[in-house]
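# Architecture at a glance
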Amino acid sequence: MMTKVTGKKMLIGGKWVDREKTMEVHDPQDGTLITTVPRANVDDALYAIEQAKEGAAVAAKMPVHERIAILNRVADYIEENKEKFAQMIASEGSKTINEARGEAARATQTIRISAEEARRINGETIPFDQMQGSENRVGYYYRFPIGIVAAITPFNDPLNLVAHKVGPAIASGNAIIVKPATMTPLSALLLAEAFEEAGLPDKVLSVITGSGGEIGDTLVTHPAIRMVSFTGGLETGEEIARKAGVKKVGMELGSNSPVIVLKDADLADAVESSVSGSFGAVGQNCIGVQRVYIQESVYEQFKDEFVAKTKQIKVGNKKDASTDMGPLISEKEAIRIEEWVQEAVDKGATLLTGGKREGAFYHPTVLTNVPSNCQIAHEEIFGPVVLLYTVEDLDEAIERSNNVNYGLQAGIFTKNIDHAFAAIQQLDVGGIMVNDSSDYRIDGMPFGGVKGSGLGREGIKFAIQEMTEPKVVQFKL
Ligand code: NAP
């Protein structure tokens, strides 16, 4: 007997609504239909914005202690229901259940930190008498909420990346409309349930499910939206930035992160961290390791150990706690990755391990001798493929690390402090991890990139800066 799949509703202006047109949400592992969500249209997006105007007025007046209490109740809710959240992440996305549990725990932290940061949205007094003729004045500036934030999010961290936008928005007294990725809208809807349960006033948060191609423009271009907080690919980000007009734009985009391994490094540590940084979340990770530059004298040893460790990764059923790596988000993505690897091999690259696809699964893959004219050498692979290169010295490693249009995070393994500082100063990235791979992040640190990796920073306190503006107050005595 077929199980009847009941559809989920979306939250607009405090009401859970459905629509005749729906979008199916499938489990990428076996294509099972999980449920459907409403396919919002332009009118729905416009209605969400109208509701958010009222929500913004309510949010701005909400005392800070109330925002803190609501955010703490949301964090408690996620903690109490952490297995439900983890199962949802692991069902609609491609993370293993262990990775999904990790994401649910991090989302609790993200919301908890948002509650803490709400009390630290400070201003400063201003010494107006620094200018002649401006004596006998006192004043200050404080930060005020910008109004309505439109949050557009990707599929790869369907809960925590939404929490990174909603938490700071609520903490700073804004209204927010979330448009989650079409492939993974369910975790965002679950988070909206948590906010409703926690007593967030109606209309402050809407989660609108629909295709970015259909409703994206309305959210991005509408003058009432004062900030578009986008996380996703460079191409989409560029399109949004072109259309947004005069409003704030936060861009958390992709990368093909480099890691440098020098001859004085602790090689075992470098191998361990780089393998985990390359293949976590099936490589669908904006700070995942894609390029490793290894100094010549330790190249062979690093390569052998890296390949041996990669071969130990257990690919399989993502819901099985002993599995290390699940499927890609779709078979289409797995095929794209297969094609990029094939292009590299056709042009002369050496496949050290992997290179095998089974449906949406793609085995962890290590390439070397990759020519620079392959797509994989300069674009973001966003899959479980890593490129090993040999370099003569640090200068060459830095030059090659920088020679791409991305700059999110980088890692360097060395015991030499001068080398570490040279890398810190010369790598064009938003974050450098010394003796860790590029894949290191905690939720409270500034996070974001340069060049094609984005604009602005997240990391709660930093997102709050982006979601508020200073207002100057001056009293003439
Ligand atoms: P994507 O294709 O760019 O989609 C991201 C979001 O944008 C989705 O919600 C999508 O909606 C929406 N969208 C698509 N077209 C749009 C348009 N014309 N106007 C407005 N919105 C539109 O990215 P993805 O494949 O989901 O995610 C992978 C990318 O995200 C990678 O490049 C990764 O590196 C990046 N990422 C960056 C960070 C970071 O913090 N820097 C973190 C995670 C991921 P639909 O789903 O309906 O198309």
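Residues numbered from 1 in each chain as written. Predicted model: local features only at pLDDT ≥ 70, side-chain atom pairs only at ≥ 80, totals over all residues. Heavy atoms only, no water.

Looking at the assigned domains, one finds that the chain contains domain 1 (10-253 + 454-476) and domain 2 (257-444). A straight line from the C-alpha centre of domain 1 to that of domain 2 covers 31 Å. A combined buried area of about 2300 Å² lies between domain 1 and domain 2, and 52% of that area is made up of carbon and sulfur atoms. Linking Arg106 and Asp443 is a salt bridge whose minimum nitrogen-to-oxygen distance equals 2.8 Å. Of all the secondary-structure elements, those providing two or more residues to the side of domain 1 that touches domain 2 are α3 (82-92), α4 (97-118) and α5 (160-171). Among the residues making up the side of domain 1 that touches domain 2, the classes are represented as 11 nonpolar, 13 polar and 7 charged. (Domains from an automatic or database assignment. Buried area = accessible area lost by both parts, 1.4 Å probe. Salt bridge = Lys/Arg side-chain N within 4 Å of Asp/Glu carboxyl O. Helix = DSSP H or I, 4+ residues; strand = E, 2+ residues; numbered from the N terminus. Nonpolar A, V, L, I, M, F, W, Y, C, P; charged D, E, K, R; others polar.)

What links the strands of a sheet is backbone hydrogen bonding, and the strands pair in either a parallel or an antiparallel sense. Strand order in the open sheet made by the 7 strands is β14-β17-β18-β13-β12-β20-β21, with mixed pairing throughout. Strands with a single pairing partner mark the edges of an open sheet, and in this sheet they are β14 (350-353) and β21 (431-434). Adjacent strand axes in the sheet meet at a mean angle of 25°, parallel and antiparallel pairs treated alike. Here helix α9 (residues 267-279) sits on the sheet and contacts β12 (257-261), β13 (289-295), β17 (365-368), β18 (385-391) and β20 (409-413); the angle it forms with β20, its principal contact strand, is near 160°. Against the sheet, helix α13 (residues 394-402) engages β12, β13, β18 and β20, with an angle of about 145° to β18. (Pairing = 2+ DSSP bridges. Axes fitted to C-alpha atoms, helices over the stretch in contact; angles between N-to-C directions. Contact = heavy atoms within 4.5 Å.)

Read from one edge to the other, the open sheet built from 3 strands follows the order β5-β6-β24, with strand pairing classed as antiparallel. The open sheet has two free edges, formed respectively by β5 (124-125) and β24 (468-476), since each of these has just one partner strand. Of the strand pairs in this sheet, β5 and strand β6 (residues 137-145) are connected by 2 bridges, and their pairing is antiparallel. Along β6, the bridge assignment pairs Glu124 with Tyr141.

The residue Lys203 is not glycine, and still its phi comes out positive at about 80°. Unusually for a residue other than glycine, Lys451 sits at a positive phi of about 50°. Turning to its location among the elements, Lys451 is positioned in strand β22 (residues 450-451). On the basis of relative accessible area, Lys451 is assigned to the partly exposed category, the value being 36%. (Buried < 20%, exposed > 50% of the residue type's maximum accessible area, 1.4 Å probe, protein only.)

Another point: the site of the ligand. Taken together, 29 residues surround the ligand, and among them Thr153, Thr182, Thr236, Leu253 and Glu380 come closest. Within the backbone of Gly232, an N or O atom sits 3.3 Å from an oxygen atom of the ligand. When the ligand is considered free in solution it has 920 Å² of accessible area, and contact with the protein chains removes 85% of it. Listed by contribution, the elements that provide at least two residues to the shell around the ligand are α7 (212-221), β10 (225-231) and α8 (234-243). Residues lining the shell around the ligand come from more than one domain, with at least three contributed by each of domain 1 (10-253 + 454-476) and domain 2 (257-444). (Near = heavy atom within 4 Å. Polar contact = N/O pair within 3.5 Å; in protein donor to acceptor, adjacent residues only side chain to side chain. Areas by Shrake-Rupley, 256 points an atom, 1.4 Å probe, with all protein chains shown as cover.)

What follows covers the nonpolar core. Grouped together as the largest cluster of nonpolar side chains are 84 residues, with contacts concentrated most on Val74, Ile176, Ile177, Phe195, Leu205 and Ile208. Not counting the four nearest positions on each side in its chain, Ile177 is found in contact with Ala48, Ile49, Ala52, Ile148, Val149, Ala150, Ala151, Ser206, Ile208, Leu219 and Ile225. Counting residues in each nonpolar core, the second largest holds 53 residues, with Ala270, Phe279, Val307 and Cys374 among its members. (Core = buried A, V, L, I, M, F, W, Y, C linked by side-chain atoms within 4.5 Å.)

Turning our attention to helix α11 (residues 331-346). Over its 16 residues, α11 runs 22 Å from end to end, which matches the ideal 22 Å to within 8%, given 1.5 Å per residue. Taken together, the buried positions of α11 are occupied by Glu333, Ala334, Arg336, Ile337, Trp340, Val341 and Ala344. In a view along the axis of α11, the buried residues occupy a sector of 160°, so they form one face of it. When the buried face of α11 is taken as reference, the exposed residues oriented beyond 90 degrees from it are Lys332, Glu339 and Asp346. Just downstream of α11 lies Gly348, where phi reads positive at about 120°. (Expected span 1.5 Å × (residues − 1). Arc of directions from axis to C-beta.)

To continue, consider the pattern of salt bridges. The final tally for this structure, using the stated rule, is 25 salt bridges. Put simply, Glu469 and Lys248 hold a salt bridge, and the shortest N to O gap is 3.9 Å. Highlighted residues: Glu469 in strand β24 and Lys248 in strand β11 (residues 248-252), separated in sequence by 221 residues. Accessibility expressed as a relative area gives 31% for Glu469, which makes it partly exposed. When salt bridges that share partners are traced, they join Asp76, Glu79 and Arg112 into one network.

Another aspect to go through is the packing of α3 against α4. Between two packed helices, both the angle of their axes relative to each other and the distance between the axes serve to describe the pair. Packing of α3 against α4 leaves a shortest axis separation of 8 Å and a crossing angle of 125°. One way to sum up the angle between α3 and α4 is to call them oblique. Handedness of the α3/α4 crossing: right-handed. Where α3 approaches α4, its residues Lys82, Glu83, Phe85, Ala86, Gln87, Ile89 and Ala90 are matched on the opposing element by Ile97, Ala100, Arg101, Glu103 and Ala104. For the contact of α3 with α4, the per-class residue count stands at 7 nonpolar, 1 polar and 4 charged. (Parallel < 35°, antiparallel > 145°, perpendicular 65-115°, else oblique. Left-handed = near helix turned anticlockwise from the far one by under 90°.)

Before going further, it helps to spend a moment on the environment of Lys95. Topologically, Lys95 is positioned in the loop between α3 and α4. Note on Lys95: relative accessible area 9%, which makes it buried. For the pair Lys95 and Val162, spaced 67 residues apart in sequence, the C-alpha to C-alpha distance is 16 Å. The residues contacting Lys95, other than those within four sequence positions of it, are Ile89, Ala90, Ala100, Glu103, Asn156, Asp157, Ala281 and Lys318. One polar contact links Lys95 to Glu103, side chain to side chain, over a distance of 2.6 Å.

Turning our eyes to something else, we now look at a negative patch on the surface. Residues Glu296, Glu392, Asp393 and Asp395 make up a contiguous surface patch of negative charge. Note on placement: Asp393 falls in the loop between β18 and α13. Asp393 sits in the partly exposed class, given a relative accessible area of 31%. (Patch = residues over 30% accessible without salt bridge, like charges linked within 9 Å, V, L, I, M, F, W, Y side chains within 5 Å. Lys, Arg positive; Asp, Glu negative; His and termini not counted. Charge placed at Lys NZ, Arg CZ, Asp CG, Glu CD.)

Attention now goes to the packing of aromatic side chains. Centre distance and the angle of the planes are the two values used to describe a pair of aromatic rings. Considering all chains together, one arrives at 6 aromatic pairs under this definition. Between Tyr140 and Tyr142, the aromatic rings sit 6.4 Å apart at their centres with planes inclined by 40°, giving tilted as the arrangement. Between the aromatic rings of Tyr293 and Tyr389, the centroid separation amounts to 5.0 Å while the plane-to-plane angle is 15°, which identifies the pairing as stacked. Remark: Tyr389 occurs in strand β18 and Tyr293 occurs in strand β13; sequence separation between them is 96 residues. Both residues of the pair, Tyr293 and Tyr389, belong to the buried class. A connected cluster of aromatic rings, assembled from ring pairs, spans Phe279, Phe302 and Phe306. Over the aromatic face of Trp340 sits the side chain of Arg336, whose NZ or CZ is 4.7 Å from the ring centroid. Residue placement shows Lys471 over the ring face of Phe144; its charged tip is 4.9 Å from the ring centre. (Phe/Tyr/Trp six-rings, centres within 6.5 Å; stacked < 30°, edge-to-face > 60°. Lys NZ or Arg CZ within 6 Å of the ring centre and 35° of its normal.)

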